[in-house]
Amino acid sequence: MPQHARGSLQPSTCPHEILFVELVRTADRLSRGPARLLKCADLSAAQYNVLRILRGAPKGLLCGEIANRMISRHPDVTRLVDRMQGRGLLSRIRQAGDRRRVVVRIAAKGLDFLERLDDPVCRMHREQLGHLQSPQMDRMLELLRSCRTKVE
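Here is a short report on the structure shown in this document. Worth saying up front: this structure is predicted, and the values here are computed from it rather than measured.

Criteria and thresholds
- Residues numbered from 1 in each chain as written.
- Predicted model: local features only at pLDDT ≥ 70, side-chain atom pairs only at ≥ 80, totals over all residues.
- Heavy atoms only, no water.
- Axes fitted to C-alpha atoms, helices over the stretch in contact; angles between N-to-C directions.
- Helix = DSSP H or I, 4+ residues; strand = E, 2+ residues; numbered from the N terminus.
- Parallel < 35°, antiparallel > 145°, perpendicular 65-115°, else oblique.
- Contact = heavy atoms within 4.5 Å.
- Nonpolar A, V, L, I, M, F, W, Y, C, P; charged D, E, K, R; others polar.
- Pairing = 2+ DSSP bridges.
- Core = buried A, V, L, I, M, F, W, Y, C linked by side-chain atoms within 4.5 Å.
- Buried < 20%, exposed > 50% of the residue type's maximum accessible area, 1.4 Å probe, protein only.
- Disulfide = S-S within 2.5 Å.
- Left-handed = near helix turned anticlockwise from the far one by under 90°.
- Expected span 1.5 Å × (residues − 1).
- Bend = angle between axes of the 7 residues up to and from the residue.

Considering the packing of helix 3 (residues 45-55) against helix 5 (residues 77-86)
- In contact at an axis separation of 11 Å, helix 3 and helix 5 are set at 80 degrees when each is read in the N-to-C sense. When the interaxial angle is binned, helix 3 and helix 5 end up roughly perpendicular. Of the residues in helix 5, those in contact with Ala-46, Gln-47, Val-50 and Leu-51 of helix 3 are Leu-80, Arg-83 and Met-84.
- Across the contact of helix 3 with helix 5, the residue classes break down as five nonpolar, one polar and one charged.

Structural notes on the sheet that holds strand 3 (residues 102-106)
- Here we have three strands laid out as an open sheet, ordered 1-3-2, and antiparallel in their pairing. The open sheet has two edge strands with one neighbour each: strand 1 (61-62) and strand 2 (90-94).
- Where helix 3 meets the sheet, its contacts fall on strand 1, strand 2 and strand 3, and the angle it forms with strand 3 comes to roughly 95 degrees.
- The sheet strands contacting helix 5 are strand 2 and strand 3, and the helix crosses strand 2 at an angle near 115 degrees.

A word on the nonpolar core
- By size, the foremost hydrophobic cluster in this structure holds 27 residues, and its most contacted members are Leu-43, Val-50, Leu-51, Leu-54, Ile-66 and Leu-90.
- Secondary structure elements with two or more residues in this core: helix 3, helix 4 (63-69), helix 5, strand 3 and helix 6 (108-129).
- Dropping the residues within four chain positions of it, Leu-43 is found in contact with Leu-38, Tyr-48, Leu-51, Arg-87, Leu-89, Phe-113 and Leu-117.

With respect to the state of the cysteines
- Tallied over the entire structure, the rule returns zero disulfides.
- The closest cysteine sulfur to the non-disulfide-bonded Cys-14 is located on Cys-147, 14 Å from its own sulfur.
- We classify Cys-147 as partly exposed; its relative accessible area is 39%.

Looking at the packing of helix 2 (residues 15-40) against helix 6
- Contact geometry for helix 2 and helix 6: axes closest at 10 Å, N-to-C directions at 155 degrees. Between helix 2 and helix 6, the angle is such that the two are roughly antiparallel. Relative to helix 6, the crossing made by helix 2 is right-handed. Side by side, helix 2 and helix 6 meet where Arg-29, Leu-30, Gly-33, Pro-34, Leu-37 and Leu-38 of the first sit next to Leu-117, Pro-120, Val-121, Met-124, His-125, Gln-128 and Leu-129 of the second.
- Among the residues making up the contact of helix 2 with helix 6, the classes are represented as nine nonpolar, three polar and one charged.

As for helix 6
- Under the 1.5 Å per step criterion, the end-to-end length of helix 6 is 31 Å for 22 residues, consistent within 8% with the ideal 32 Å.
- Along helix 6, the sharpest change in direction is near 40 degrees and occurs at Leu-117; proline Pro-120 comes one to four residues later.
- Buried within helix 6 are the following residues: Gly-110, Phe-113, Leu-114, Leu-117, Val-121 and Met-124.
- Tucked into the core, helix 6 has its buried residues touching helix 2, helix 3 and strand 3.

Structure, rendered in structure tokens:
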């Protein structure tokens, strides 16, 4: 059987597939820096994401709301929140009117973690993307958001 019929080694001729592969490769490369930085703080990217989400929601959120705001889908936000609560980064509050509804809030320790990470994370992203000019970043943001709205 000819090589091309079984699993071609030739690059794709589909421009959409080429673009997709480049986006995934770029995201993978860019995510390595934060992963290393967060590992030093004993946080996963998902945990860091939860802390950032909750810092922006001082009244707290339900687990489902946290899951909807995550950068990457996480299969078990409840278990993730459990581990983070065990470390003192989050707290849970049962709703008075409906005891089944549990609001998750960032704890003081979680806020301290984020404060210590804010500058190093910003510096790292500036090193990664600082070569882009503001109009380039604005255009890239516009294009990426446009891609996401088509698939959400």
